[in-house]
Amino acid sequence: MKIIQSANSVDVSGSPYKKKLSDGRCRLHGVWMVTLTHTSSGPPPQIKFSTGNDYTDIRCQLTSPVNPAGDLYVGGCVYDIPSDGILFEDGIYFEGNATTFRVTIFFSGGAEA
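Rules used throughout
Residues numbered from 1 in each chain as written. Predicted model: local features only at pLDDT ≥ 70, side-chain atom pairs only at ≥ 80, totals over all residues. Heavy atoms only, no water. Phe/Tyr/Trp six-rings, centres within 6.5 Å; stacked < 30°, edge-to-face > 60°. Helix = DSSP H or I, 4+ residues; strand = E, 2+ residues; numbered from the N terminus. Buried < 20%, exposed > 50% of the residue type's maximum accessible area, 1.4 Å probe, protein only. Lys NZ or Arg CZ within 6 Å of the ring centre and 35° of its normal. Salt bridge = Lys/Arg side-chain N within 4 Å of Asp/Glu carboxyl O.

Q: Looking at this structure, how should I read the packing of aromatic side chains?
A: For any pair of aromatic rings, the description consists of the separation of the ring centres together with the inter-plane angle of the planes. Per the stated rule, a full pass over the model turns up two aromatic pairs. With 5.8 Å between their ring centres and 55° between their planes, F49 and F94 make a pair best called tilted. Of the two residues, F49 is situated in strand β3 (residues 46-50) and F94 in strand β7 (residues 92-96); the sequence distance between them amounts to 45 residues. The burial state of F49 is the same as that of F94; both residues are buried. The ring of Y55 has K18 lying over it, and the distance from NZ or CZ to the ring centre is 4.7 Å.

Here's what the structure looks like:
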């Protein structure tokens, strides 16, 4: 049986925003990202997940898509990672760009940060 845990980041703002979300060896199974309203004239809401605290070994990068009219970035996105998820050997570390959003991850293994 696989036990899925979740970890919330705080409201994200700043350039860039970084936070440790889990400890140890674990697998990322899903991501829920909610953004405030952003016009498409600025940079898209973007998040990166890396293993290890130097933020250089990026395992997953997600960018919020633009709506069909092309004027706003989508306010909420759910990303389901298929199969056994993405392996992070040394914890899950989160980095976001200068837009404001909230992120929740779903993972197995490891320990809460």
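Q: Honestly, the pattern of salt bridges in this entry has me stumped. Any pointers?
A: Side-chain pairs of opposite charge can arise where the charged atoms are in close proximity. The tally for this structure, following the rule as stated, stands at three salt bridges. Between K20 and D23 there is a salt bridge, with its nearest N and O atoms 2.3 Å apart. In this structure D23 comes out as partly exposed when scored by relative accessible area, which is 25%. Where E89 meets R59, a salt bridge forms, and the shortest distance between an N and an O atom there is 2.8 Å. Placement of the pair is E89 in the loop between β6 (86-88) and β7 and R59 in strand β4 (residues 58-63), with a sequence separation of 30 residues. A residue is classified by how much of its surface remains accessible, and R59, at 27% relative accessible area, is partly exposed. Look at the salt bridges and you will find they share partners, linking D57, R59 and E89 into a network.

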